[in-house]
Amino acid sequence: FTSKHGVEGFFKCLKNSNLDVRALSRIKFAVIGSETKKYLMKYGIIADFIPNEYNSMKLGKEFSDIIKKGMTLLYPKAKNIDNNLKLDLEELCHFIEVDVYENIKADSINLDINTLDGFDNVLFTCASSAERTLYSIKSVPEKWKEKNVVISIGPKCSLAIEKLGITNYLQS
């Protein structure tokens, strides 16, 4: 799992299929970070694998060391994300992607640039949240172009932030 939304979507699909956690007794689980791990534990499942660095690029690289030929890997994911994890792992195993949720633009959110200017920092936890926020406000506040105002959770998020015109940011 790469996010709590993937965990939530997966268990919703499991329930809609009239199954419960007993159906998962022989399955191993990988998560990207401590928050996703905690969210998975809410469903009574302990993660078997967490990469040293919390991003999908590292997950694919580190996970490839423990994947064995012939294994089947199910990846519950967002409908509209990149396929980097698939590219890293599909040659090593039978890789099945299942869309369990969708990131959508929040057209109904009316973010006012003047209000946003009052914050000292802005934290983006994923690439799509950066894209959706900047889509909603239409232009990047000048303050956000200053050094260390924008904070990115990781490399994929940073790349999205750069594509949106913000070059001075911190990456966790």
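Residues numbered from 1 in each chain as written. Predicted model: local features only at pLDDT ≥ 70, side-chain atom pairs only at ≥ 80, totals over all residues. Heavy atoms only, no water.

Relative to strand β2 (residues 94-101), strand β1 (residues 72-78) runs parallel, the two being bridged by seven bridges. Directly across from L73, in β2, lies its bridge partner F95. In this view, the connection linking β1 to its parallel neighbour β2 by way of helix α4 (residues 84-89) has right-handed handedness. (Pairing = 2+ DSSP bridges. Helix = DSSP H or I, 4+ residues; strand = E, 2+ residues; numbered from the N terminus. Right-handed = clockwise from strand over helix to strand, strands pointing away.)

The full count for this structure, using the stated rule, is four salt bridges. The shortest N-O distance in the salt bridge between D20 and R22 comes to 2.6 Å. Judged by its relative accessible area of 33%, D20 is partly exposed. Across the salt bridge formed by E35 and K38, the nearest N and O atoms sit 3.1 Å from each other. One end of the pair, E35, and the other, K38, are both in helix α2 (residues 34-41), three residues apart, so they sit about a helical turn from each other. (Salt bridge = Lys/Arg side-chain N within 4 Å of Asp/Glu carboxyl O. Buried < 20%, exposed > 50% of the residue type's maximum accessible area, 1.4 Å probe, protein only.)

Looking at the second largest pocket, its volume works out to about 640 Å³. I27, K28, F63, L73 and L74 are, among the 23 residues lining the second largest pocket, the residues nearest its centre. In terms of residues, the lining of the second largest pocket owes the most to one element, β1, which gives five residues. A breakdown of the residues in the lining of the second largest pocket according to their chemical character gives 18 nonpolar, one polar and four charged. (1 Å grid on protein atoms, 1.4 Å probe; cavity = no way out; pocket = protein on both sides within 12 Å on 5 of 7 lines; lining within 4 Å. Points joined across faces, edges and corners; volume = space filled by probe spheres on them. Nonpolar A, V, L, I, M, F, W, Y, C, P; charged D, E, K, R; others polar.)

Coordinates in, geometry out; function isn't part of it.
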